[in-house]
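Chains, contacts and geometry: an overview
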Amino acid sequence: MIPVSKPTITSVDIQHVTDAVSSGWVSSQGPYIESFEREFADFCGVRHCVALANGTVAIHLALKVLNIGRGDEVIVPDLTFVATANAVVLAEATPVIADVRFSDWCLDPMSVERLITPRTRAIIPVHLYGHPAAMEELRALAQKHKLKIIEDAAEAHGANYRGHKVGGLGDCATFSFYGNKIITTGEGGAITTDSDEVAERARFLRDHGMSKDRRYWHTEVAYNYRMTNLQAALGVAQLGQLGSFMAERDRILESYRYHLAKHGVTLNPHLADTRPVNWITCALFDDVSREERDAVIARLHKEGIDTRPFFYPISALPMYTRASGPVSEDLSARGMNLPTYPGLPESDIERICQTLLRLIRK
Ligand SMILES: *Cc1c(COP(=O)(O)O)cnc(C)c1O
């Protein structure tokens, strides 16, 4: 079976984790946390990184840090992983679901603008499948209406928008280091920001709201959202390989493009002035229904090729049911994610493409 995704774990990763576990610093104190935070902040070109337990709590904490909660509305894209919307609900705010656009499959600024009300407090653009969202237009809207921006960069480590890395394009950004993300810490997440106050408040809230200079003196009900030193050790090792992971993922996308584009299959978007990262290769088919696409996925699985359908629109899920954005619904039904991980051999890509083209023609 060719998996759709798998983590790249090398001897460097194993050495780092072994070192961390042998040192006895297995929980959330220890030298790797600080190294990981400093190195990931440098990588993103921002002043601060606050390492956390996963990408979902990173979004939740970002909302809390920005003081967003009951009675507030937060605009999220219809096409994203469910955690983006769930985190808003967990913060007791109301997710308002905007459509995405065809050019980059990310939040459509025109759809966002139509949904802004006096209660709107923030926008969460998602850099979907590694393509940066329309940050300039969204930032203009945020400035005009005094809104905060939290980038959900869980799928876009290292992507670049108009000369700037994602992670530093809003008030703060959130990342995930889950096993299928571009770098992994097993489970893990982070908030990145240029703001000293945001970083300080995030550190405070991730650690039970404990006073910095008075042990066991807690001044607010807060969270245990910390990352462990074990996870951070893996993160440091992964970060050292991120450049090569990104290059491998580019190679894989180019190869898929070579085999599929001439047959009319649309692959990952790539707008001028952006440098997306290929978190996962996307194939979008003309004239297929959701059922036909799902049948092809099942047949591929029988032939030893694991793929994924695009996310359902958030608005289609039972707890959010409302009218879907037409673009989100259309992309969601016709899109498929293809195996993408460093080291995926060219011969496998060729076999995947040949099998896919044969099945999709039927
Ligand atoms: C993976 C992901 C998350 C959640 O990250 P976890 O670490 O799995 O909690 C949030 N948003 C998006 C867009 C993701 O892809």
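Keep in mind that what you see is a predicted model, and the values were worked out from it rather than measured.

**A closer look at the site of the ligand**
In the vicinity of the ligand lie 14 residues, with Gly-55, Thr-56, Glu-155, Ser-176 and Lys-181 positioned nearest. Here Gly-55 contributes a backbone N or O atom positioned 2.8 Å from an oxygen atom of the ligand. Burial of the ligand by the protein chains amounts to 92% of its free accessible area of 380 Å². Within the shell around the ligand, the residues separate by chemical class into four nonpolar, seven polar and three charged.

**Topic: helix H12 (residues 346-361)**
Helix length check: H12 (16 residues) gives 23 Å between terminal C-alpha atoms against 22 Å at 1.5 Å per residue, within 8%. Next to the buried residues of H12 lie helix H9 (242-260), helix H10 (290-302) and strand E13 (335-338).

**A word on the environment of Phe-177**
Here Phe-177 shows up in the loop between strand E8 (172-176) and strand E9 (189-193). What makes Phe-177 buried here is its relative accessible area of 0%. For the pair Phe-177 and His-48, spaced 129 residues apart in the sequence, the C-alpha separation amounts to 17 Å. What Phe-177 contacts, discounting residues up to four positions off in sequence, is Phe-36, Phe-40, His-157, Ile-183, Thr-184, Thr-185, Gly-186, Glu-187, Gly-188, Gly-189, Ala-190 and Met-227.

**Things to note about the nonpolar core**
Counting 62 residues, the largest nonpolar core has Phe-36, Phe-40, Val-112 and Tyr-129 as its most contacted members. In terms of residue count, helix H2 (residues 31-44) provides more of this core than any other element does, seven residues in total. Ignoring sequence-local partners within four residues, the contact set of Phe-40 consists of Cys-49, His-157, Phe-175, Phe-177, Ile-183, Thr-192 and Leu-239.

**Quick notes on helix H8 (residues 229-239)**
Here H8 lies mainly inside the structure; 10 of its 11 residues are buried. Of the residues making up H8, those classed as buried are Asn-229, Gln-231, Ala-232, Ala-233, Leu-234, Gly-235, Val-236, Ala-237, Gln-238 and Leu-239. Those residues of H8 that are buried are in contact with helix H1 (11-23), H2 and H9.

**Quick notes on the sheet that holds strand E6 (residues 160-161)**
Judged by pairing direction, the sheet is antiparallel, and its three strands sit side by side in the order E7-E6-E10 without closing on themselves. Each edge of the open sheet carries a strand with a single partner, namely strand E7 (164-165) and strand E10 (274-275).

**As for the pattern of salt bridges**
The tally for this structure, following the rule as stated, stands at 22 salt bridges. The partner of Asp-294 in a salt bridge is Arg-293, with the nearest N and O atoms 2.8 Å apart. When the shortest N-O distance is used, the salt bridge between Arg-334 and Asp-330 registers 2.8 Å. Of this pair, Arg-334 and Asp-330 both sit in helix H11 (residues 326-334), four residues apart, which is roughly one turn of that helix. The class of Arg-334 is buried, set by a relative accessible area of 12%. A relative accessible area of 26% places Asp-330 in the partly exposed class. Several salt bridges share partner residues, and in doing so they unite Glu-37, Arg-203 and Arg-206 into one network.

**Some remarks on the packing of H2 against H8**
Between H2 and H8, the least distance of the axes is 8 Å, while the angle of their chain directions is 40°. The handedness of the crossing between H2 and H8 comes out as left-handed. Two secondary-structure elements touch here, H2 through Pro-31, Tyr-32, Ile-33, Ser-35, Phe-36, Glu-39, Phe-40 and Phe-43 and H8 through Asn-229, Ala-232, Ala-233, Gly-235, Val-236 and Leu-239. Of the residues that constitute the contact of H2 with H8, the class distribution is 10 nonpolar, three polar and one charged.

So, how was this worked out
- Residues numbered from 1 in each chain as written.
- Predicted model: local features only at pLDDT ≥ 70, side-chain atom pairs only at ≥ 80, totals over all residues.
- Heavy atoms only, no water.
- Near = heavy atom within 4 Å.
- Polar contact = N/O pair within 3.5 Å; in protein donor to acceptor, adjacent residues only side chain to side chain.
- Areas by Shrake-Rupley, 256 points an atom, 1.4 Å probe, with all protein chains shown as cover.
- Nonpolar A, V, L, I, M, F, W, Y, C, P; charged D, E, K, R; others polar.
- Helix = DSSP H or I, 4+ residues; strand = E, 2+ residues; numbered from the N terminus.
- Expected span 1.5 Å × (residues − 1).
- Contact = heavy atoms within 4.5 Å.
- Buried < 20%, exposed > 50% of the residue type's maximum accessible area, 1.4 Å probe, protein only.
- Core = buried A, V, L, I, M, F, W, Y, C linked by side-chain atoms within 4.5 Å.
- Pairing = 2+ DSSP bridges.
- Salt bridge = Lys/Arg side-chain N within 4 Å of Asp/Glu carboxyl O.
- Axes fitted to C-alpha atoms, helices over the stretch in contact; angles between N-to-C directions.
- Left-handed = near helix turned anticlockwise from the far one by under 90°.

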